[in-house]
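Report on the structure
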Amino acid sequence: MSTNDLRFATAQDRHSFIYGKVRPLLEDLALAYYSTSPPPEDIVAFLVNALRRQHGLPEPPSGGLPEQEAEEAEELAKRVA
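The model shown is predicted, which means the values in this text are computed figures rather than measured ones.

Thoughts on the confidence of the model for the protein
- Mean pLDDT over the protein stands at 88; residues scoring 70 or higher make up 94%.
- Between the elements of the protein, mean pLDDT differs from a low of 89, seen in helix α3 (residues 67–80), to a high of 94, seen in helix α1 (residues 11–34).

Have a look at this one:
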């Protein structure tokens, strides 16, 4: 991506992104959740699996972070706090 492609998002850009991408995704997830009977107890796992099924995504890695990534996360948390 060149510097000519970079620009600030306008209100119209944000509106079209939210109503064109985010809202339909959330509506699909809500439909999947509320159409399941009984409702799943682990909501986060259900939503991750629903996203994986709908978009053909690979399974996320399981377990903890590798040591280097854990250190980076700690450093980032310190800078943010």
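Some details on the packing of aromatic side chains
- One pass over the structure, following the stated rule, counts two aromatic pairs.
- With 5.9 Å between their ring centres and 70 degrees between their planes, Y33 and F46 make a pair best called edge-to-face. With Y33 in helix α1 and F46 in helix α2 (residues 43–55), this residue pair connects regions lying 13 residues apart in the sequence.
- For Y33, a relative accessible area of 18% gives the class buried.
- Classification of F46 by relative accessible area gives buried; the value is 13%.
- Following the ring pairs from residue to residue traces out a cluster consisting of Y33, Y34 and F46.

Focus: the environment of S62
- Note that S62 resides in the loop between α2 and α3.
- With a relative accessible area of 70%, S62 lands in the exposed category.
- Spatially, the C-alpha atoms of S62 and A77 are 22 Å apart, while their sequence positions differ by 15 residues.

Rules and cut-offs
- Residues numbered from 1 in each chain as written.
- Predicted model: local features only at pLDDT ≥ 70, side-chain atom pairs only at ≥ 80, totals over all residues.
- Heavy atoms only, no water.
- pLDDT = per-residue confidence, 0-100.
- Helix = DSSP H or I, 4+ residues; strand = E, 2+ residues; numbered from the N terminus.
- Phe/Tyr/Trp six-rings, centres within 6.5 Å; stacked < 30°, edge-to-face > 60°.
- Buried < 20%, exposed > 50% of the residue type's maximum accessible area, 1.4 Å probe, protein only.

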